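Summary of the model geometry
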Amino acid sequence: MDIQLSGIGMTSARTRDRLVQRLRETGIEDDRVLDTIRNTPRHFFIEEALAHQAYDDTALPIGHGQTISQPWVVARMTELLMDAGRRGKVLEIGTGCGYQTAVLAPFCDELYSVERIRPLQEQARKRLLRLGLAKVQLKHADGGFGWKSEAPFDGILAACARPDIPDDLLEQLADGGRLVMPVGDDRKQILTVVDREGDEFHTQSLDAVRFVPFQRGVMR
Ligand code: SAH
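Note that this is a predicted model, so its numbers are computed, not measured.

The next thing to look at is the site of the ligand. Lining the immediate surroundings of the ligand are 26 residues, of which Cys97, Glu115, Asp142, Gly143 and Gln215 lie closest. Here Ser69 contributes a backbone N or O atom positioned 3.2 Å from an oxygen atom of the ligand. Contact between the ligand and Gln215: a nitrogen atom at 2.6 Å from a main-chain N or O atom of the residue. At the level of elements, β2 (66–68), α5 (99–104) and β4 (108–115) are the ones that each hand at least two residues to the shell around the ligand. Looking at the shell around the ligand, its residues break down into 13 nonpolar, 10 polar and 3 charged.

Let us now look at the sheet that holds strand β9 (residues 200–209). A sheet is described by the order of its strands in space; here 7 strands give the open sequence β5-β4-β3-β6-β7-β8-β9, paired in mixed fashion. In this open sheet, the two strands that pair with only one neighbour each are β5 (137–140) and β9. For this sheet the average axis-to-axis angle between neighbouring strands, irrespective of direction, equals 15 degrees. Across 4 bridges, the pairing between β4 and β5 is parallel. By the bridge assignment for β5, Tyr112 is matched with Gln137. Against the sheet, helix α4 (residues 71–81) makes contact with β3 (87–93), β6 (153–158), β7 (173–184), β8 (189–197) and β9, and its axis sits at roughly 155 degrees relative to β7, the strand it touches most. Running at roughly 165 degrees to β5, helix α6 (residues 118–130) makes contact with β4 and β5 of the sheet.

On to the environment of Ser149. In this fold, Ser149 is placed in the loop between β5 and β6. Put simply, Ser149 and Gln172 are 23 residues apart on the chain and 9.7 Å apart in space, counted from C-alpha to C-alpha.

Our next topic: the pairing of strand β1 (residues 60–63). The pairing of β1 with β2 spans 3 bridges and is classified as antiparallel. Counted as the bridge partner of Pro61 is Thr67 from β2. Taking the residues between adjacent antiparallel strands as the criterion, β1 and β2 are bridged by 2 residues, where His64 takes a positive phi near 55 degrees.

Turning next to the pattern of salt bridges. Inspection of every chain in the model, using the stated rule, returns 13 salt bridges. For Arg24, the salt bridge goes to Asp31, with nearest N and O atoms at 3.0 Å. The class of Arg24 is partly exposed, set by a relative accessible area of 37%. With a shortest N-O distance of 3.0 Å, Arg162 and Asp164 are connected by a salt bridge. Look at Asp164 and you get partly exposed, because its relative accessible area is 36%. Ionic contacts of the salt-bridge type, sharing partners, join the residues Asp17, Asp35 and Arg38 into one network.

UniProt tags Ser69 as "active site" (unreviewed entry). As for its position among the elements, Ser69 is in the loop between β2 and α4. Assessed through its relative accessible area of 16%, Ser69 is described here as buried. When sequence neighbours within four positions are dropped, the list of residues in contact with Ser69 reads Arg42, Thr58, Ala59, Val74 and Phe211.

Rules used throughout
- Residues numbered from 1 in each chain as written.
- Predicted model: local features only at pLDDT ≥ 70, side-chain atom pairs only at ≥ 80, totals over all residues.
- Heavy atoms only, no water.
- Near = heavy atom within 4 Å.
- Polar contact = N/O pair within 3.5 Å; in protein donor to acceptor, adjacent residues only side chain to side chain.
- Helix = DSSP H or I, 4+ residues; strand = E, 2+ residues; numbered from the N terminus.
- Nonpolar A, V, L, I, M, F, W, Y, C, P; charged D, E, K, R; others polar.
- Pairing = 2+ DSSP bridges.
- Axes fitted to C-alpha atoms, helices over the stretch in contact; angles between N-to-C directions.
- Contact = heavy atoms within 4.5 Å.
- Salt bridge = Lys/Arg side-chain N within 4 Å of Asp/Glu carboxyl O.
- Buried < 20%, exposed > 50% of the residue type's maximum accessible area, 1.4 Å probe, protein only.
- UniProt positions renumbered as here; feature names shortened; annotations may be inferred.

Now the structure itself:
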């Protein structure tokens, strides 16, 4: 790995270890997830001016009014999605800068990710290619409709919140599949897990979280 990706100073291995330690202390237990967080260069997904904060456990701006998710949230969602073991085919809604995408990639056979803001999607594509993650399929679209031609998915993860879970996403969940998504309005959201068994959907409401809104339509 080159120096830009491996990191120096505030992006070094020691700084990353401190983040992993903090995630452990705040309840992340899955070692595979923690190792992936340690090995994923978060500083590479944000502006250079913010790189010194890359391994703080906070969300940071990525432009267009959006944020890179907080590492704890990325770890927690990945852990929840992979709880029952590896997922074959996974759909992510809200690629953003591509950081969560890069963390998810090692855990699934096929990964599809949708983003509604074109410039973010294009930048994420370049970064994921640079990290050797060419296998991820990216689409500029409104993720509220899922990705019908590729359904069903063993896992669906949304990185943006709305008060209801779109029917299209539930329909595109495979039997035995799991969806993880923040549900709520702009003040209060709960990380929600839905497991599908045949035509039954079992819902669990877990942690209080804060995400950007799940919006409708696309932006060029
Ligand atoms: N995991 C991303 C989070 C980005 S923030 C990261 O770590 O960078 C959530 C993203 O969801 C934003 O980029 C926003 O544009 C996108 N988004 C919101 N509504 C969407 C929709 N309906 N379809 C696709 N993407 C959406």
